[in-house]
Structures are given as structure tokens and as C-alpha cells.
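Topology and contacts: notes
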Amino acid sequence: MTCPSKQTPRHRIFKTRTFNARVALFILALVACIWRLRGALYNYKRLPASTSTEDHWPDERAFANDLLDWVPSKSRKNALSSIQMLDPSKSNIYNVCHFKRVCTVHHETEFFTFDETLTSQLRQQYECCFNSSSTACVKETRAAFCLCFTNESRAVFRTLPSHAISFEPQPAFQISQYLKKKKHHFAHFAFSVVQLHSILLHTAALKFPKIETVIFQDGAGTGQLNAVEASLWGVISNGKGGAPKMEVNDFRFMRVRRNDSNQMFGYPRYCFESVHTAVGRDVYAMTAEDMDGFKQAARISLGLQYSTTGCPPKRAAIVVRRRGMGLRRILNMDQVVHLMRQKGIQTIETLNPSEDESLDTQALQFSRVGLIVSSHSSQLANLLFAHPNAVVLETSPVFKNAFRHLGNVSRLKYINSVGHTPTCDGHPELERLFVQLRAGGCRFDRMVLERGYDCGMSEQQRVALSRCDYTVDIASFEKQLMDALDHLEHVCKPVG
């Protein structure tokens, strides 16, 4: 007897083949995912182990703009460092930027990628920030990408080197102003401290983390804060004036030369997982209210006792600059004093503050006068402690804007007395050239700040000019002095 053969129905065969095809597709998709994950892990393993700081950032996208969003998504996976501008739409008036996984050297911040093509692309766009005439620059891209860069601290883009980089996990704040100056002094430090205090006033809106390390890219070469700087730092560390306490004991000074493995070109090199910095705002404070907060904190911290309203003290001070270069020493100071006495100013003090004096002493000197006459000097940073209704009369052959903003935001009346005559011993031709260029509209303040702006002067001529003194034009100074005295008379009038 022959057994009938069993044949599988056609619909069963079809279902089996369909199932096998789906399994095969699933396996292929799984293999592809594993391969991509392997590539990501390979890239990650090339980095040193570091503690993640993601706990500090619950949802970055809610308050930060990624400045690399113009990079194609396929290329962005090769970017190790990230660059973000915190909440540029409303709260971030100080242009605070957030960098991830970067290293900082004396005058550079290093950003890393895994791909040399991307690195070259970033370098090209960065150069466009300061050379807009290049045909390779894309205006829209430059406008966004350049928000977090300044020519004070140069950005350097590198393909990740073969050696390991260890990123310190704690949140850091980087101060980068005035790196081009050869000497770090009180005015530079004061600028940075007041601006940081102003930023701290906006901590809640910016979702600013608790800073544990402060990097002074413009720090002095001594490796520590001097007595005056320590006192000024104490103003923001005590949590007065509306800002939260900033108890930081870890300071990094980038101008200090070291002899160890953690250095580059003789200077220290530190790498952090998370760095914040303020970029492109050449101001102490953006608003008078922010400056009021710092001045309140300073009065409490330094024990200053003076009224913040009404009539300032009825005495004047002349800030004397006895050393330094750059059209700062007044040759006819006796004529200036004589004119001031003629106009009824009887109490005239001479101030020559220096970093050898305590901050308390300097602050007291500036807080007890109502009229301040000075050449351009870093000691005008002490206007931080002046009475709000005081008058500042800064004399110079050229207009200088460095302290005018500080005066205005401190609610002072600030008068720039310009047009005075430089006196250059042995160089009468330079004096004539100066007058000619000034009449032609040369901005000597821009010559200091902008690359390529020289008004046609040679380097030798600029150096010689920086060593000149000047003579105050008494007739011009008299008009500005009367303007100052009229203001004091107005604010000192009895109410009602």
C-alpha cells in the first residue's frame, strides 16, 4: 500500500518565505545599527575618561542656540567640542557663551573635531569673523557663528590628536578681556570682576551653573591675586548686591610660566568639560541697575559710608599720572589748578593711587570727592566707588571711550575734554602730523583697538607718539569746567 505524499499548501509556503525575509531584514538592520554604534563607541573611546557634566544641563536646547547648526548633520557627528550662545533672545545681555570639551592656553581657546575636513571648514569660517571681505565667507553663517568669538582670545580648531586629553569635570568661567595688553593691571581686572558680578545677577534667567573654577586668560604672571585684586574679588564672593555667593578657591592664571607636562609653549594648558565666558561686550555693566548692585556690594564689603543720592562732597581731586606712556602726563598742571581755584574750588586733592595702596584706601579717596579731573589713566576704574552725582572731567588730546561707559552706567556726569596739544620732545614734526591727522578725522582710539587701522602712520611714528606728553588748552578746559560746575550746582540745589 502506497502512502499518500504530504504536500505543504501554497499559502503556508508563502507565509514561511515572508517570515524568513522579515527576519533577514531585521538581522541586517540590527547589524547596521551595531556597526554605527561601534563607530560612535570607537570615536568616544579615543577620548579620555571624564566625568560628565550633563547633570548641570537639564535641557540645554530650551535656553541655548547651537552655533554649529550650519554644519551638515553628517559632519557634526565629528565635532567633539560644542559652541553655544545662552538665550540670545532676551536674558543674555552680556553675550555669555558655553563651550564644551575645550582647552585654554595663554591667549587661545582650543576646539576639537575628529575630522580634518571639518576642522578646516571651521577655521575658514572663523577667519571670516575678522575678515569679512573674503569671498569664501557666507554672511548669514558668519553672523551666527561669530557670536561667541572675539579677537582678544583667539579660537584654534584642531583635529583630535593621538594623545589623550583629560577634561576636568567642574564648571569653569573664563575671563578673556585685554589679552593684547602687555601688562595686566587694576582696570582690566576691575572690568572683569564687575562684568562677572553683573552676569551673576542674571543667574536664574540664564540657568547659570555654580562655577567652581575661574580661568584668567588675562591674569598677571605672579600666579596669584595681589592684595587689591583679592579685595575686589571679595566684593562678588560675599553674595551682596543681589548676586548669589561665588565661593571660588580654584583660580587658573594663564600667563604664569610652568615647567611641567601640563603646558604648551611655556604656558599652562587646562582642559574642561564645560566653560562659560562673556564675549564681545566691552562694558563693565550693561545697565545702571546692574552697576548699582555691584556698588552696593562694594559699599558693604569695603565698609564705605557715603550717600548715594543728592549732593556729592564739595571737594575736587586731580588724578596725577607720573609714569606710563600714551599722552597721559599733563605738562601745565599748575595752570589747570589755578583755573579751578579761580572758579571757586578751594579744596583740591591730588590723587596718585597705585596697586601698592589697599583697595579700601583707593575707594575712600574716590568716594569723598564731587569733581574728578584726570588724564586717561587705568586708575579711573576707581570710579566704581565715586558718588553717583559726581562729575568726571577726562582730558586728552584725543577722544578715549574706555571709561566713559563706566561713568555713565555709574550715573556720573562724564565729560571728555579733548583737543589738547601733544608735546613730543625732539619730534616737532610728529606734533604737526598729529594735528593734521586729527583735523582729518583720524580716530586714535581705534588705532589701539583695531587691526589695520593706522591713519597712515608708520609703526615708528605710532611708538614715538605713545611717548609724548600733552599741554591742556586752558580756554577749552574752562568751558568744560563750567559745564561740570553747572551740573554740581543743579544736583546740590535744595529740593522745593
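All values reported here derive from a predicted model rather than from experimental measurement. Each chain has its residues counted from 1, following the order in which its sequence is written. Totals for whole chains, interfaces and linings use every residue, but because this is a predicted model, local features are given only for residues with pLDDT of at least 70 and side-chain atom pairs only at 80 or more, for both listing and counting. Side-chain metrics in this entry use all non-hydrogen atoms of the structure; hydrogen atoms and water are not considered.

**Quick word on the packing of helix H9 (residues 333-342) against helix H15 (residues 474-491)**
Contact pair H9 / H15: the axes reach a minimum separation of 11 Å and the direction vectors enclose 40 degrees. Looking at the two axes, H9 sits oblique to H15. For the pair H9 and H15, the sense of crossing is right-handed. For the pair H9 and H15, the contacting residues are Gln335, Val336, Leu339 and Met340 in the first and Ile474, Phe477, Glu478 and Leu481 in the second. Looking at side-chain class alone, the contact of H9 with H15 contains six nonpolar, one polar and one charged residues. In this description, a line fitted to the C-alpha atoms serves as the axis of each element, helices being fitted only across the stretch in contact, and the angle between N-to-C directions of two axes falls anywhere from 0 to 180 degrees. Helix and strand definitions here come from DSSP, where helices need a minimum of 4 consecutive H or I residues and strands a minimum of 2 consecutive E residues; each element is numbered from the N-terminal end. Working rule for angles: under 35 degrees goes down as roughly parallel, over 145 as roughly antiparallel, 65 to 115 as roughly perpendicular, anything else as oblique. Helix crossings fall into two classes, left-handed where the near helix is turned counterclockwise from the far one by less than a right angle and right-handed where it is turned clockwise. What makes two residues a contact is simply this: any of their non-hydrogen atoms within 4.5 Å. Lys, Arg, Asp and Glu make up the charged group, whereas Ala, Val, Leu, Ile, Met, Phe, Trp, Tyr, Cys and Pro make up the nonpolar group; the residues left over, Gly among them, are polar.

**Digging into the state of the cysteines**
Cysteine sulfur atoms are paired as a disulfide whenever they come within 2.5 Å of each other. This structure, assessed with the given rule, holds five disulfides. Here Cys129 is linked by a disulfide to Cys146, with a sulfur-sulfur distance of 2.0 Å. Every disulfide takes its handedness from the sign of the S-S torsion; for Cys129 and Cys146 that torsion is -95 degrees, giving left-handed. Here Cys146 lies in the loop between helix H4 (139-145) and strand S5 (154-159) and Cys129 lies in the loop between helix H3 (116-128) and H4, a separation of 17 residues in the sequence. Each member of the pair, Cys129 as well as Cys146, carries the same accessibility label: buried. Here Cys424 pairs with Cys468 through a disulfide, and the sulfurs are 1.9 Å apart. Torsion about the S-S bond of the Cys424 and Cys468 cystine: about 115 degrees, corresponding to right-handed handedness. Here Cys468 lies in the loop between helix H14 (459-465) and strand S18 (469-471) and Cys424 lies in the loop between strand S17 (421-423) and helix H12 (428-439), a separation of 44 residues in the sequence. Summary of the burial criterion: residues with accessible area below 20% of their type's maximum are buried, those above 50% are exposed, and those between are partly exposed, where the area comes from a 1.4 Å probe applied to protein chains only.

**Some details on the environment of Leu383**
Mapped onto the elements, Leu383 comes out in the loop between strand S14 (371-375) and strand S15 (391-395). Sequence spacing of Leu383 and Phe403 is 20 residues, and the spatial spacing of their C-alpha atoms is 8.6 Å. Ignoring sequence-local partners within four residues, the contact set of Leu383 consists of Lys295, Phe366, Ile372, Val392, Leu406, Ser410, Leu412 and Tyr414.

**A closer look at the side chain of Asn332**
Note on placement: Asn332 falls in the loop between strand S12 (316-319) and H9. We classify Asn332 as buried; its relative accessible area is 5%. Within the structure, Asn332 has its side chain in polar contact with the side chain of Gln335 (distance 2.9 Å). Throughout this description, a polar contact denotes any pair of N or O atoms lying within 3.5 Å of each other; where both atoms belong to protein, one of them has to be capable of donating a hydrogen while the other can accept it, and for residues adjacent in sequence the pair is counted only when both atoms sit in side chains. Among the polar contacts made by the side chain of Asn332, one reaches the main-chain amide nitrogen of Val472 at a distance of 2.9 Å. With sequence-adjacent residues up to four places away left out, Asn332 is seen in contact with Thr471, Val472 and Ile474.

**With respect to the packing of aromatic side chains**
Classification of ring pairs uses Phe, Tyr and Trp, with its six-membered ring standing for Trp, and accepts pairs whose centres are within 6.5 Å; under 30 degrees between planes counts as stacked, over 60 as edge-to-face, and the remaining range as tilted. According to the stated counting rule, one finds 13 aromatic pairs in the structure shown. The interplanar angle of 80 degrees and the centroid separation of 5.0 Å between the aromatic rings of Phe99 and Phe111 together place this pair among those described as edge-to-face. In this pair, Phe99 is assigned in strand S3 (residues 96-104) and Phe111 in strand S4 (residues 108-113), connecting sequence segments twelve residues apart. No difference in accessibility class separates Phe99 from Phe111, as the two residues are buried. Pairing Phe112 with Phe167 gives two aromatic rings, centres 6.5 Å apart and planes at 70 degrees, and the pair type is edge-to-face. Here Phe112, found in strand S4, pairs with Phe167, found in the loop between S5 and strand S6 (172-175); they are 55 residues apart in sequence, far enough to count as distant. The residues Phe112 and Phe167 share a single accessibility class, namely buried. An aromatic cluster of three or more residues is present, and its members are Phe99, Phe111, Tyr126, Phe149 and Phe157. Two limits define a charge over a ring: the Lys NZ or Arg CZ must be within 6 Å of the ring centre, and within 35 degrees of the ring normal. Across from the ring centre of Tyr270, 4.5 Å away, lies the NZ or CZ of Arg252, which sits over that ring.

**Some details on the nonpolar core**
Working definition of a nonpolar core: buried Ala, Val, Leu, Ile, Met, Phe, Trp, Tyr and Cys residues. They are joined through side-chain atoms within 4.5 Å. Of all hydrophobic cores here, the largest spans 62 residues; its most connected members are Trp233 and Tyr284. Secondary structure elements with two or more residues in this core: S6, helix H5 (186-200), strand S7 (213-216), helix H7 (227-237), helix H8 (288-302), S12, helix H10 (359-367) and helix H11 (404-409). With ten residues, H5 is the largest single contributor of residues to this core. Apart from residues lying up to four places away in sequence, Trp233 is in contact with Phe189, Val193, Leu196, Val214, Phe216, Leu225, Met246, Val248 and Phe251. Core analysis: the next-biggest nonpolar cluster, separate from the first, contains 33 residues, Ala316, Ile330, Leu393 and Leu465 among them.

**So, H8**
The end-to-end C-alpha distance of H8, which contains 15 residues, comes to 20 Å, matching closely the 21 Å that a straight helix rising 1.5 Å per residue would cover. Here H8 has its buried residues at Ala288, Asp290, Met291, Gly293, Phe294, Lys295, Ala297, Ala298 and Leu302. Two residues or fewer after H8 comes Gly303, characterised by a positive phi angle close to 70 degrees. One less than the residue count of a helix, multiplied by 1.5 Å, gives the span that helix is expected to have.

**Brief notes about empty space enclosed by the protein**
Which parts of space are left empty comes out when a probe the size of a water molecule is rolled across the atoms. Here a cavity denotes a set of grid points, spaced 1 Å apart and computed over the protein atoms alone, in which a 1.4 Å probe fits but from which it cannot get out, and a pocket denotes an open set meeting protein on both sides within 12 Å along at least five of seven lines; residues with an atom within 4 Å of a point are reported as lining. Grid points are joined across faces, edges and corners, and a volume is the space filled by probe spheres set on the points. A full pass over the atoms with the stated rule returns four cavities of 30 Å³ or more. The volume enclosed by the largest cavity comes to roughly 100 Å³. Looking at the largest cavity, it is lined by 14 residues, and the ones nearest its centre are Phe99, Cys148, Thr150, Ser153 and Val279. At the level of elements, S4, S5 and strand S11 (270-278) are the ones that each hand at least two residues to the lining of the largest cavity.

Any functional reading would require information that these geometric values do not contain.
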